[in-house]
Amino acid sequence: MPRTWRLSLGVAAALGIAFVATAAAVLWDLPDPWRLLERAPAASVLIYDRNGVVLYEALPVHGGRSRPLSLADAPPYLIQATLATEDAGFYRHPGVDLVGVARALYYSVRSGRVVAGGSTITQQVARNLLLPEDRYERTLRRKLREAVLALIIEAGRSKDEILELYLNSTFYGRLSYGAEAASLAFFGKPLASLDLAECAFLAGLPQAPSLYAPEAGDAWRGRQRVVLDLMVRQGFITAEEAAMAAREPLRFVAAGGLRVYTTLDLASQEQARLVVERCLESVNRDPRVHVSNAAVLALDLSDGAIRVMIGSADYFDDSIAGAVNATLAPRQPGSAIKPLTYAAAFEAGYTPASMMLDVPSTFITAEGEPYVPVNFDFTYRGPVLLREALGSSYNVVAVRLLDAVGLPALQDMARRLGVVSLGTADRLGLAATLGGTEVSLLELTRAYAAFGRGGRPVEPYAILRVTDDRGQLLWEAARHDPQPVISPQVAYLITDILKDDKARIPTFGEGSVLALSRPAAVKTGTTTDSRDNWTVGYTPQMVVGVWAGNSDGSGMGPVSGVEGAAPIWRGVMEALHRGMPEQDFVEPPGLVRAEVCALSGLLPGPDCPHRRLELFIAGTEPERQCDLHRLIPDDEGQDGSAGGAEGHVAAVLPEEAQAWADARGFPRAPALEVATEVPPAVRLVQPDPHRVYELAADLPLSSQRVAVEASVPAGVPVRTVRLMVDGQVLAQLDRPPYRVLWLLEPGEHVFAAEVETEQGKVWTSDPVPVTVARGGAQPEASR
């Protein structure tokens, strides 16, 4: 082979190798162009109110604000300005503008480095989304890589899709990606409302966002004029239109120097912080105790403004997760949730004078398992009225009450008061009333605020208004006047009990740390193993919630809500109210007072030794006379506490309480002689007359049951008790509790109880009609 041929082949081979090597260097590790949309800026998270007004924009991690929109929603002027400025031949080239590349190559060769762009809109999309790490690299390799990607992108996407991607992904400055976000950032209004002058301004920003931003000076004016002239050159607008747009004064929103006015009271915040510090130091002096953290939330009861928010004892202490805002963290509230159960019960017709038995009790869950609640102090007090039961926080009574009104009633009450976490409490059953589910301090404090506001809820808020650096108002918190979610009468009954220091005496003693120097309603809560302490309470002016505990959920030792959270609550409340006029809660119309027997809560009979005035919603006062007190002739050998010439008064307790009474040495009254035609007071405790139950769509039918329970006075020689539904025997029992669960069936039903005595007498209770609505429940076979 001639030498020249061998030389030519060698040169060709060398060139081929160089080409392959160059291509490999350019195309090696080239990003996948088909994953273009995955690289687009993440959209901001927008939080709206119920009317569609944006409340908050959460920016994506490692990004700026972004609000993608379709090309059809972009104003024509912006599209024209963008095309004229960035890529006039966009709709004609295949993704790479060869004329532009040649021009850029000429100037780059002359200068010895890449000095001119020539990038099409498609190339810019490829660079911004697929080659962000090479974005500021001015090399031939980068230009070749983005050109190859542009050609592939154009092969798989339409021109409109590519232009839409450009308008939604380009950085315009002020942390804004995309034209819609930029319009809001610079003009404070949607992109669709921009005119020619404003669109020309935006289209000129991507070349140098920091240089052409209005806060950098007047350079934006010259850049806007360039964009307008390019639009004239491309025939999009006339010279007169360009001149008119250039003269239009643009009104920008402030980029910085905003003045944000919060609802916080700095002096109160600092006082509360010192109270937390002092109280934690005090409680930890006991070597058995370890309480490392606390949170405080104070709301103005007039409108829900947050006056104090302490998320932790020390924000900078990592050992207690100090940066975690514990006012928002879910925790078990213990007994602090009980007022919601009582509010549901008062809506159902119970009263502060309703009597329930605080005795050892076993409840059967929907799964057929026994549930045995115990009181915090492991002490039982027999018959108690609901005022004392709530004030002194008796667990057994709270469970009995929830069992009577039903878990759905508590969940509905919680939802109305803003405690949405209880919506999943169906898995907990009756333990929900003892705080067996998690809620946040913000939720529970907000719920108590509704009690203090006569049933009207609040919307807690932290920002009053925002102005620019010249004081011009940019945003102001809306004022809400929500409708009541519970009646003023029910709300006041809860308040009246929670402010009653005498009702707290059995558990907390008189004049405890819960008693302020002014009227205040308050409730504590302590969870199992003392993992969480709560105290939430309010005056007519403020509501304060306090949580104390350890961030890791460990037990605090022998600490209840009275020792842990209550001192903080008291200190913060006293500090907040310093200088405020003392106010008492205003009793709404529709309430009445009536004298009742202090033991039974019924109308006093001639033999009732102790009586008291109680508050009732009009129409719920007792109509039946007390049947727990009986005059016993002295010759029957009983020792009575209220004896006289004719005999003494004895308390005749329900049979279910008799074991409790026997254990405490209380004398039994002699058995009633029921041979007469006067029947004993046999009655159905559950269900309530005329109650309407609705089958739930999200629960299995087999778990939707209600309790049917009868009460028989002590002393009645019971042979058997029959619980009846629609004339059929539901259960036959020979000892208390006379209680059974009945599976809900749609329709109208009538319940009753029959008592057969040892003498063969049969007495029947008054009938109790109820209704079961179908609701949205479906047969289990179709689930």
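Structure shown above.
Here the structure is a predicted model, which means the values were calculated and not measured. (Residues numbered from 1 in each chain as written. Predicted model: local features only at pLDDT ≥ 70, side-chain atom pairs only at ≥ 80, totals over all residues. Heavy atoms only, no water.)

## Some details on unusual backbone geometry
Which entries qualify depends on this criterion: Think of it this way: any DSSP run of H or I at least four residues long counts as a helix, any run of E at least two long counts as a strand, and we number them from the N terminus. Each residue's exposure class comes from its accessible area (1.4 Å probe, protein chains only) as a fraction of the maximum for that residue type: buried when under 20%, exposed when over 50%, partly exposed otherwise.
A positive phi angle, close to 60 degrees, is found at Phe378, a residue other than glycine. With respect to the element layout, Phe378 can be found in the loop between β11 (370–371) and β12 (382–385). Looking at Phe378, the relative accessible area reads 63%, which means it is exposed. The backbone of His690 sits at a positive phi, close to 65 degrees, despite the residue not being glycine. As for its placement among the helices and strands, His690 is situated in the loop between β22 (683–686) and β23 (691–694).

## Description of the packing of aromatic side chains
Heads up, the rule is: Between rings of Phe, Tyr and Trp, where Trp is taken as its six-membered ring, a pair exists when centres lie within 6.5 Å; planes separated by under 30 degrees are stacked, by over 60 edge-to-face, and by other angles tilted.
Inspection of every chain in the model, using the stated rule, returns 14 aromatic pairs. Ring geometry for Phe171 versus Tyr177: centroids 5.0 Å apart, planes at 45 degrees, classification tilted. The exposure class assigned to Phe171 is partly exposed, which follows from its relative accessible area of 32%. Exposure remark for Tyr177: the relative accessible area of 25% places this residue in the partly exposed category. Between Tyr538 and Phe585, the aromatic rings sit 5.6 Å apart at their centres with planes inclined by 80 degrees, giving edge-to-face as the arrangement.

## Points about empty space enclosed by the protein
Test applied: Both site types are read off a 1 Å grid over the protein atoms alone. A 1.4 Å probe that fits but cannot get out defines a cavity, while an open set with protein on both sides within 12 Å along at least five of seven lines defines a pocket; lining residues have an atom within 4 Å of a point. Grid points are joined across faces, edges and corners, and a volume is the space filled by probe spheres set on the points. Basically, the charged four are Asp, Glu, Lys and Arg, the nonpolar ten are Ala, Val, Leu, Ile, Met, Phe, Trp, Tyr, Cys and Pro, and anything else, Gly included, counts as polar.
Applying the stated criterion to the full structure yields one cavity of 30 Å³ or more. If you add up the space inside the largest cavity, you get close to 30 Å³. As for the largest cavity, its lining consists of Gly391, Ser393, Arg504, Phe508, Leu514, Val522, Lys523 and Thr524. Secondary-structure elements contributing two or more residues to the lining of the largest cavity are α19 (501–508) and β15 (521–526). Of the residues contributing to the lining of the largest cavity, the split by class is three nonpolar, three polar and two charged.

## Regarding the packing of helix α2 (residues 76–86) against helix α8 (residues 196–204)
Formally: Helix axes are fitted only over the stretch in contact, all axes being lines through C-alpha atoms; the angle between N-to-C directions runs from 0 to 180 degrees. Under this scheme an angle from 65 to 115 degrees is roughly perpendicular, one under 35 degrees roughly parallel, and one over 145 degrees roughly antiparallel; angles in between are oblique. The hand of a helix crossing depends on one turn: near helix anticlockwise from the far one by less than a right angle means left-handed, and clockwise means right-handed. Throughout, a contact is declared for two residues whenever any of their heavy atoms are within 4.5 Å.
With their axes 8 Å apart at the nearest point, α2 and α8 run at an angle of 40 degrees to one another. It follows from the interaxial angle that α2 and α8 lie oblique. For the pair α2 and α8, the crossing hand works out as right-handed. Residue-level inspection shows Tyr77, Leu78, Ala81, Thr82, Thr85 and Glu86 of α2 in contact with α8, the latter providing Leu196, Cys199, Ala200, Leu202 and Ala203. Here the residues of the contact of α2 with α8 are counted per class, giving eight nonpolar, two polar and one charged.

## Here's the deal with helix α16 (residues 407–417)
Those residues of α16 that sit buried are Leu407, Ala409, Leu410, Gln411, Met413, Ala414 and Leu417. Next to the buried residues of α16 lie α13 (338–347), α15 (395–405), α17 (441–452) and β23. Where α16 ends, the next residue or the one after it, Gly418, has phi of about 95 degrees, a positive value.

## Quick notes on the sheet that holds β22
What counts, and what does not: Note: two strands are recorded as paired if DSSP finds a minimum of 2 bridges between them.
As summarised here, the arrangement of the three strands in space is β22-β24-β27, forming an open sheet in which the pairing is antiparallel. Either end of the sheet is taken by a strand with one partner, and the two such strands are β22 and β27 (738–743). Within the sheet, the average angular offset between the axes of one strand and its neighbour, ignoring direction, is 30 degrees. Where strand β24 (residues 705–711) lies against β27, six bridges are found, and the strand directions are antiparallel. Looking at β27, one finds that Val708 is bridged to Val740.

## Quick notes on the environment of Thr238
Inspection of the secondary structure assignment puts Thr238 in the loop between α10 (219–233) and α11 (239–247). Counting along the chain gives 10 residues from Thr238 to Leu228, while the straight-line C-alpha distance between them is 9.4 Å.

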